[in-house]
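Chains, contacts and geometry: an overview
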Amino acid sequence: MRPRFLFATLCGLVLAGLVHIVTVLAIPALSESDALTRSGTSESLDHPQRIYTLSTGDNPAPAEAWLPIPDPSVAVGVCAYNLEDGPMRVSARTGPQMLSLAVHGRRGAFYAVTDQAAVRGALDLVILTRAQYDEALANDDENEPSRDVRIVAPERQGYVVVRVIAALPSQRPAANEAVQAVSCTIDSPSEEPAKPNG
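Residues numbered from 1 in each chain as written. Predicted model: local features only at pLDDT ≥ 70, side-chain atom pairs only at ≥ 80, totals over all residues. Heavy atoms only, no water.

**Here's the deal with the nonpolar core**
- Counting residues in hydrophobic clusters, the biggest one holds 33 residues, and the most contacted among them are Tyr 81, Met 88, Val 90, Leu 101, Ile 127 and Val 160.
- Mapped onto this core, the elements with two or more residues apiece are strand S1 (49–52), strand S2 (74–82), strand S3 (88–93), strand S4 (99–105), strand S6 (122–128), strand S8 (157–165) and helix H4 (172–181).
- With 7 residues, the single largest contributor to this core is S2.
- Ignoring anything within four residues of it in the chain, the contact list for Val 160 reads Gly 77, Val 78, Cys 79, Tyr 81, Val 90, Leu 101, Ala 102, Val 103 and Ile 127. (Core = buried A, V, L, I, M, F, W, Y, C linked by side-chain atoms within 4.5 Å. Buried < 20%, exposed > 50% of the residue type's maximum accessible area, 1.4 Å probe, protein only. Helix = DSSP H or I, 4+ residues; strand = E, 2+ residues; numbered from the N terminus. Contact = heavy atoms within 4.5 Å.)

Here is the structure:
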């Protein structure tokens, strides 16, 4: 009788452990409020969706933010992308405050850059699939190389997190504006400048 009881207990523990592991691993796939899904509402915007706005004067900081806020002096925005529509261009002008861009997929961040990489005060990232990247390389003009930073995304959907630091309370309004000034647009073939003949 005792061996049967021990065997049944052991089987129950193994089964409970397997159910627990499968449940934990399935949460990100089944969640309807993960970061990728929540950022999807910003796909139709040409600027970042505000996630965390710094308090300024009479405007307190919002109580709710769905991304972890590492510092109360960091304004945060999100641009979602779906590369089915074409490559995503993220353009930012640098200023006196530190700005960073982090590109995320479903499995986490895969690229990050700060304003220190800006060329002449501008930071241009283009997020592409491998096929879009190969096509862009084939279409490049040898006499005028592209200055874009091209990033091949591991997945077609993702989002870019824009962060701007306000070192002083007086810089908070400028940090909020800097997040909103970032441009997030789809690079469509019709928007590319026509090449001169000859």
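**A look at the environment of Val 113**
- Along the chain, Val 113 falls in strand S5 (residues 108–114).
- Sequence separation of Val 113 and Leu 101 is 12 residues, and the distance between their C-alpha atoms is 5.4 Å.
- When residues no more than four places from it in sequence are discounted, the contact partners of Val 113 are Leu 99, Ser 100, Leu 101, Leu 123 and Leu 125.

**As for the side chain of Asn 176**
- Summarising the element assignment, Asn 176 is placed in helix H4.
- Setting aside residues up to four positions removed in sequence, Asn 176 forms contacts with Thr 53, Leu 54, Thr 56 and Ala 75.

**Regarding a nonpolar patch on the surface**
- A cluster of nonpolar side chains, namely Leu 10, Val 14 and Leu 18, defines an oily patch on the protein surface of about 290 Å² accessible area.
- By the element assignment, Val 14 lies in helix H1 (residues 2–30). (Patch = residues over 30% accessible without salt bridge, like charges linked within 9 Å, V, L, I, M, F, W, Y side chains within 5 Å. Areas by Shrake-Rupley, 256 points an atom, 1.4 Å probe, with all protein chains shown as cover. Salt bridge = Lys/Arg side-chain N within 4 Å of Asp/Glu carboxyl O.)

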